[in-house]
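Chain by chain, the residues run as shown.
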Amino acid sequence: MPFGNIGIGGLLLIVIVLLLLFGPSKLPELGRAFGRTLSEFKESTRGLMSGDKDDKKPQDDKKA
């Protein structure tokens, strides 16, 4: 886990810096944008993984 060594104090410092940089009204928007980006990345990764499986099946059908 990459964030295992940060601790509570470091996490609070990061949150305070983010609040100072972006303000409290922008943080929910940034969180939503990050969540959407992460979910799109996961979907595309799943699509690539399932696409590899689907690509192998038609080749087997052509040989038979």
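Residues numbered from 1 in each chain as written. Predicted model: local features only at pLDDT ≥ 70, side-chain atom pairs only at ≥ 80, totals over all residues. Heavy atoms only, no water.

Asks: Mind laying out the overall build of the protein, listing which residues take part and the relevant values?
Replies: Helix and strand counts for the protein come out as 2 helices and 0 strands. Counting across all 64 residues of the protein, residues that qualify as buried make up 2%. About 6,000 Å² of surface is accessible on the protein, with carbon and sulfur atoms providing 66% of the total. (Helix = DSSP H or I, 4+ residues; strand = E, 2+ residues; numbered from the N terminus. Buried < 20%, exposed > 50% of the residue type's maximum accessible area, 1.4 Å probe, protein only. Areas by Shrake-Rupley, 256 points an atom, 1.4 Å probe, with all protein chains shown as cover.)

Asks: I'd like a rundown of helix 1 (residues 7-22), residues and numbers included.
Replies: The end-to-end C-alpha separation of helix 1 is 23 Å, in line with the 22 Å expected for 16 residues at 1.5 Å each. Phi turns positive one or two residues past the end of helix 1, at Gly23, with a value near 85 degrees. (Expected span 1.5 Å × (residues − 1).)

Purely geometric numbers; function is a separate question.
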